[in-house]
Amino acid sequence: AQKITQTQPGMFVQEKEAVTLDCTYDTSDQSYGLFWYKQPSSGEMIFLIYQGSYDEQNATEGRYSLNFQKARKSANLVISASQLGDSAMYFCAIGGYDTETSYDKVIFGPGTSLSVIP
Amino acid sequence: DAGVIQSPRHEVTEMGQEVTLRCKPISGHNSLFWYRQTMMRGLELLIYFNNNVPIDDSGMPEDRFSAKMPNASFSTLKIQPSEPRDSAVYFCASSFLGRGPLHFGNGTRLTVT
C-alpha cells in the first residue's frame, strides 16, 4: 500500500521569498511517480510537477522544483520567488503499480495550505 | 483538448434522492478516477477504472455509491439514496495508463440537505 504524509498543515511565506513544502511517502513499489498539485480557493486541481522514481535529476518547472531524496522517501516542493497568486492548498501525490490489483493508482496526501504575505 | 468535463458543477438535493454525477475523460486516456474531497477527510480515492473496467472500488464508502464506465468517453457516479454526509466536492480525473499526471475536471459540488 502507498501512503503520503504532509506534516505542515499551514505555511506562511513572505512575497518574493522561497518556500519548501514537505512530503514524505511510503511505498513498496520499485517504480513510482511523485506529483504535486495546487488547489487555489476557486477549487480546481492544477498539476505542477512530476518526478519519476528512476529520474536521477530533480524535476524543475519554472519556479517549481522538486527536491527528491529517494533514500529518505521524501519529495519536497520548492517554490522560488513566491507570488501572491501562490496562496493555495498544495497536495503531494504518489502513483505507482499496485501489486494487489496489478494496476496503477494515485494517492494524495492531506495537503499544505500556503499563504503568501505581501 | 477540452480537458476532463464534469457535470453538473453544483448539485443541491434533498436527503433520500438519487444523485448522478457525470464525467467525460480526455480522449485517449484509458484510466479514470473518482475522488471525493471534504475538509475532514481530504481527497479520497473512491474508485478507478482502467480501459472501462473497475479495478479498485475499495474506497467507495458504502453500497449507496455505484460507478459505471459504459465506454471510454463517459463515466457516472451514482448515490442512491443520498444523505447529508455525502455533501462534498466530487472530482473526476483521467490519465494515460494511470501513471499520471492526472488531469482533473472542475469538480461537482454536492450539497445534500
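Scroll up for the structure.
Here goes a summary of the coordinates provided. Remember, predicted model here, so these are calculated numbers, not experimental data. Residue positions are given per chain, counting from 1 as you read along its sequence in written order. Each chain gets a letter, beginning with A, and each ligand a number, beginning with 1, in the order they are written. Totals for whole chains, interfaces and linings use all residues, but because this is a predicted model, local features are given only for residues with pLDDT of at least 70 and pairs of side-chain atoms are given and counted only at 80 or more. Note that water and hydrogens are dropped before the side-chain values are worked out from all heavy atoms of the structure.

As used here, a disulfide is simply a covalent bond connecting the sulfur atoms of two cysteines. Our working definition of a disulfide is a cysteine sulfur pair at a distance within 2.5 Å. For the coordinates displayed, the defined rule picks out 2 disulfides over all chains. Each disulfide pairs two cysteine sulfurs, and for A:C23 the partner residue is A:C92, the sulfurs being separated by 2.0 Å. The disulfide joining A:C23 to A:C92 has a torsion of about -65° about its S-S bond and is therefore left-handed. With A:C23 in the loop between β3 (19-21) and β4 (24-26) and A:C92 in strand β10 (residues 88-98), this pair connects stretches of sequence that are 69 residues apart. Comparing A:C23 with A:C92 shows no difference in burial state: the two are buried. Covalently, B:C23 is tied to B:C92 through a disulfide, its sulfur atoms 1.9 Å apart. Taking the sign of the S-S torsion, about -65° here, the bridge from B:C23 to B:C92 comes out left-handed. You can see B:C23 sitting in strand β3 (residues 19-24) and its partner B:C92 sitting in strand β9 (residues 88-95), a full 69 residues away along the chain. A run of H or I in DSSP becomes a helix once it reaches four residues, and a run of E becomes a strand once it reaches two; helices and strands are each numbered from the N terminus. Buried, partly exposed and exposed residues are distinguished by accessible area as a fraction of the type maximum, computed with a 1.4 Å probe on protein chains only: under 20%, between the cut-offs, and over 50%, respectively.

Turning our attention to the nonpolar core. Only buried residues count toward a nonpolar core. Its members are Ala, Val, Leu, Ile, Met, Phe, Trp, Tyr and Cys residues joined through side-chain atoms within 4.5 Å. In terms of nonpolar packing, the biggest core is built from 25 residues, with A:W36, A:L77, A:Y90 and A:L114 touching the most fellow members. When residues of this core are assigned to their parent elements, the largest contribution, 4 residues, is made by β10(A). Contact definition: two residues touch when any of their heavy atoms are within 4.5 Å. Here A:L77 is in contact with A:V19, A:T20, A:L21, A:W36, A:L48, A:I49, A:Y64, A:S65 and A:Y90, once residues within four sequence places are set aside. With 21 residues, the next largest nonpolar core counts B:W34, B:L77, B:A88 and B:C92 among its residues.

A few words now on the packing of aromatic side chains. Think of a pair of aromatic rings as described by two things: how far the centres are apart, and how the planes are tilted against each other in angle. Any two rings among Phe, Tyr and Trp, with Trp reduced to its six-membered ring, count as a pair given centres within 6.5 Å; such a pair is stacked if its planes are under 30 degrees apart, edge-to-face if over 60, and tilted if neither. Enumeration over the complete set of coordinates arrives at 11 aromatic pairs over all chains. With centroids separated by 5.4 Å and ring planes inclined at 55°, the aromatic side chains of A:Y37 and A:F108 adopt a geometry described as tilted. Placement of A:Y37 in strand β5 (residues 32-39) and of A:F108 in strand β11 (residues 103-108) is noted, with a sequence separation of 71 residues between them. The two residues A:Y37 and A:F108 agree in class, both being buried. Taken together, the aromatic side chains of A:Y37, A:F47, A:F108, B:F33, B:Y35, B:Y48, B:F91 and B:F104 make up a single cluster linked through ring pairs. A ring is scored as having a charge over it whenever the NZ atom of a lysine or the CZ atom of an arginine sits within 6 Å of its centre and within 35 degrees of its normal. Stacked on the ring of A:Y64, the Lys or Arg A:R63 has its end atom at 5.7 Å from the ring centre. Between A:K70 and the ring centre of A:Y54, over which it is positioned, the NZ or CZ distance is 4.5 Å.

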